[in-house]
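Here is how the chains run, residue by residue.
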Amino acid sequence: MKYLFSLFTSLVLLQGTLSAETWKNLVPKPANLTPQTGNILLEKGFKTYLTAPQFEDEMLWLQEKGWEKLFVFPIQPAQKVLTKQDLNQAGVYFLHDASLGAEAYRLEITPTQIRLTASEDAGMFYAVQTLLQMLPAPVFGTSDLELREYALDCVTIEDQPRYGYRGLMLDVSRTFYNASQVKEIIGWMAAHKLNRMHWHLTDDNGWRIEIKKYPQLTEKGAWRGVGEATPPAYHQGNERYGGFYTQREIKDIVKYAAERHIEIIPEIDLPGHSRALVGSMPELSCKSDKDYITINGETDNVLCVAREQNYKVLDNIMKEVAALFPSQYIHIGGDEVELTSWNNCPHCQALVKEKGFENSRFLLNEFAHRMEKILAKHGKTMAGWEEITEGEQHDPNTLFTAWHGVKEVKVCLDRGYKAVMQMAEYNYLDMKYTPAERGHNWAAIIPLEKTYSFDPQALFPDEKYQEQILGVQAGIWSELLAYPARFIEYQLFPRTCALAEVGWTPVAEKDFEDFEERLYQKHFSRLYHMGISFRVAPPKVRYENNLLHVTAPHPSAVVRYTTEGSNPTAASPVYCATIATDTPENFRFATFFGDALSSITVAAENIELYHYLQPKTTIETNIPFRKQEELQTLLGSYDFKKVARTTRTLKAGDYLTYTFEEPVESSRITVETGRPGITFYGVTYGYVEYSTDGVQFEKAGEFRYNTVTFQPEQPVKAVRIVVTDVNDAYMAEFQNLKIECK
Ligand code: ACM
Ligand code: ZN
């Protein structure tokens, strides 16, 4: 029975044919919604009336994205000037009401009319977005439904956003997304009523914006690879890779975003995070012979702030940036500047002395003042990360992007500037959803509910802050997004849906369970039809009294399973009742949305899946490690959270051998490298060999995604990692071996 129910529900979700209460399941939830009795049946011959010409674009949007996809018959918008009498006719009306706020709208559905009312285009655009969500989910897809009629339930919606700034920060430096991918993301943002894209265009890892005056910035700075201005990273091996946007593409993207009422705020990350800039124009760097490694593992990534010619270069760059982006703001970064190069640069130290600064940290404030003046010359206001609020005051209109914790952000707010909240522990969507999933965790593990729970007013309740806080944004840093394919979509959705509701919906209307219900009832289906490869939540599995009990993430979700340790597929049986078994360790489960999307694979959380052996192990290597003296204890500990870090990039000829005191009998040995759980800083080029006598070695396999797994036939005395080519990160991390018992 449950099987049938699940199958049926999934079909319904996919086809989006739920027709009852069409005003339900809106995301973000409107501020005020009052269901009315009755419905309106749209069928051949229904008319659309534009009463204010300013809304023609929105009318055409609804025409093209809604009616034409829905109906088999053509709909002709009535173009005539309306009389009072016309307003009483049956039909769809676009109406103007100057008393509404710029992003506010009213949407009234009566048995004879659909009335969309706004004062400005943005409000009308959101009215249309809401109405589109009342249509079957496949209208968000690429094919036409060809219906002959469709009924909408009557409702009155009075809606407006909680915050005027509802954004997404997109890092295109670490992983490059081409113009059409960026447009796709902008389209998804618009469907969620987001209205700002903070475009992180430059960083250590790539300069992504064409600057005509300095073509070297993209000729060199946009590409990584062996012998390039920036070395390869993030498992691209030794390929040359990267990319940038031409100014023509940027203009096109800015226009595309504006059509969707999204303003783009460009970021040129300075004076730290400038490896791609300094790599392309080395003269901009400090005169310092001290090496340093930044918190992100970069070297030589700071601009000299005392070299006067640098400001001419930055002025020329900002002039071109300002001309491309109509936004009031240009974001100049300012985050995480590593002070070593300033501390050791005679020019920077002379400036510290001249200004009477206590230390080099004050140079950041000095730099921001210079940038503020340059931006003002080009008609722009400065935005930056929290760090730009330090020191002597800037223009009070300066905007900072908050990213640290409550305590630090409060200090910045007390300096009086405007703020956008992108607080790492809620809004950094490159963090993991759960410990078992891929992603970073340095800021927090961020399940959907955590992003949904974000409320700047609750964190900073003081009345005086409310005017300063312009709004909220999600941020996605892209170092872990190069693979698997479309992982950015997994990280963004559905957490971006939650952020959209944080930014739009009044706190009193927010309710996580209700939000989740709307996702499962319809919004996932919309995302699916938009073509988003969103994250599907895994089931929870427990083993008790010889029974496997599975809890799906939602009653409508379909869970499938396998009985021999492999990943479930769309062809695997559906879980419908507890499973009796003596071998729970062989079962694997995953949630499915349709056939195409599935969750990570899980096993029962309360059983030991593997018994790992812990033989006494000695390590021998020719690679220099950070804690060389602890190498033995780190890699012989069989504590899988422990890693040993090299002090340099791996190269051909590097090796590391694990030798066991006695040969071990094992069914399977897994050699994982890199940071546990996030497949980063691992061995990109290399192989594993093993020996039964410690003398003769036999090849076990090449590394793929940092890992080699092999099944030895005989007891193993030693396992060796051999590096065959330059690897792609500035360091590597080695882990303990996973040796399964026979
Ligand atoms: C940041 O995360 N460095 C703003
Ligand atoms: Zn310097």
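The rules behind these values
Residues numbered from 1 in each chain as written. Chains lettered and ligands numbered in written order. Predicted model: local features only at pLDDT ≥ 70, side-chain atom pairs only at ≥ 80, totals over all residues. Heavy atoms only, no water. Phe/Tyr/Trp six-rings, centres within 6.5 Å; stacked < 30°, edge-to-face > 60°. Lys NZ or Arg CZ within 6 Å of the ring centre and 35° of its normal. pLDDT = per-residue confidence, 0-100. Contact = heavy atoms within 4.5 Å. Axes fitted to C-alpha atoms, helices over the stretch in contact; angles between N-to-C directions. Helix = DSSP H or I, 4+ residues; strand = E, 2+ residues; numbered from the N terminus. Parallel < 35°, antiparallel > 145°, perpendicular 65-115°, else oblique. Left-handed = near helix turned anticlockwise from the far one by under 90°. Nonpolar A, V, L, I, M, F, W, Y, C, P; charged D, E, K, R; others polar. 1 Å grid on protein atoms, 1.4 Å probe; cavity = no way out; pocket = protein on both sides within 12 Å on 5 of 7 lines; lining within 4 Å. Points joined across faces, edges and corners; volume = space filled by probe spheres on them. Pairing = 2+ DSSP bridges.

1. So, the packing of aromatic side chains
Within this structure, the stated rule accounts for 38 aromatic pairs. Chaining the aromatic ring pairs together yields one cluster made of W385, W403, Y428, W442 and W477. In this structure, R438 packs its charged tip against the face of F487, placed 5.5 Å from the ring centre.

2. Re the confidence of the model for the protein chain
For the protein chain, per-residue confidence averages 93 on the pLDDT scale, and residues scoring 70 or more make up 96% of the total. In the model, residues 1-19 has pLDDT below 50 throughout and makes 28 contacts with residues more than four positions away in sequence or in other chains.

3. Description of the packing of helix 8 (residues 308-324) against helix 11 (residues 362-377)
Two elements in contact, helix 8 and helix 11, have axes whose closest approach is 10 Å; the angle formed by their N-to-C orientations is 40 degrees. What the angle tells us is that helix 8 and helix 11 run oblique. The two elements helix 8 and helix 11 meet at a crossing, and its hand is right-handed. Between helix 8 and helix 11, the residues in contact are E308, Y311, L314, D315 and M318 and F367, R370, M371, I374, L375 and K377, respectively. Taken together, the residues of the contact of helix 8 with helix 11 sort by class into seven nonpolar, no polar and four charged.

4. Things to note about the layout of surface pockets
Approximately 480 Å³ is the volume attributed to the second largest pocket. As for the second largest pocket, its lining consists of 19 residues, of which K65, F140, G187, W188 and M530 are closest to the centre. Secondary-structure elements contributing two or more residues to the lining of the second largest pocket are helix 2 (56-70), helix 3 (121-133), helix 4 (179-191) and helix 19 (512-530). Of all the elements, helix 4 adds the most residues to the lining of the second largest pocket, at six residues. Class assignment of the residues belonging to the lining of the second largest pocket gives a composition of nine nonpolar, five polar and five charged.

5. Comments concerning the sheet that holds strand 21 (residues 558-562)
Either a parallel or an antiparallel arrangement is found when strands of a sheet pair, and the pairing is made through backbone hydrogen bonds. The three strands lie next to each other as 21-23-24, forming an open sheet whose pairing is antiparallel. The open sheet is flanked by strand 21 and strand 24 (597-598), the only strands paired with a single partner. Both strand 21 and strand 23 (residues 588-593) contribute to a ladder of five bridges, which runs antiparallel. Within the sheet, the bridge partner assigned to T562 lies in strand 23 and is R588.

6. With respect to the sheet that holds strand 22 (residues 579-580)
Taken together, three strands build an open sheet; the order of strands is 19-20-22 and the sheet is antiparallel. The sheet terminates laterally at strand 19 (540-544) and strand 22, the two strands that pair on one side only. Pairing of strand 19 with strand 20 (residues 547-551), which is carried by five bridges, proceeds in the antiparallel orientation. Note that in strand 20 the partner of Y543 across the bridge is L548.

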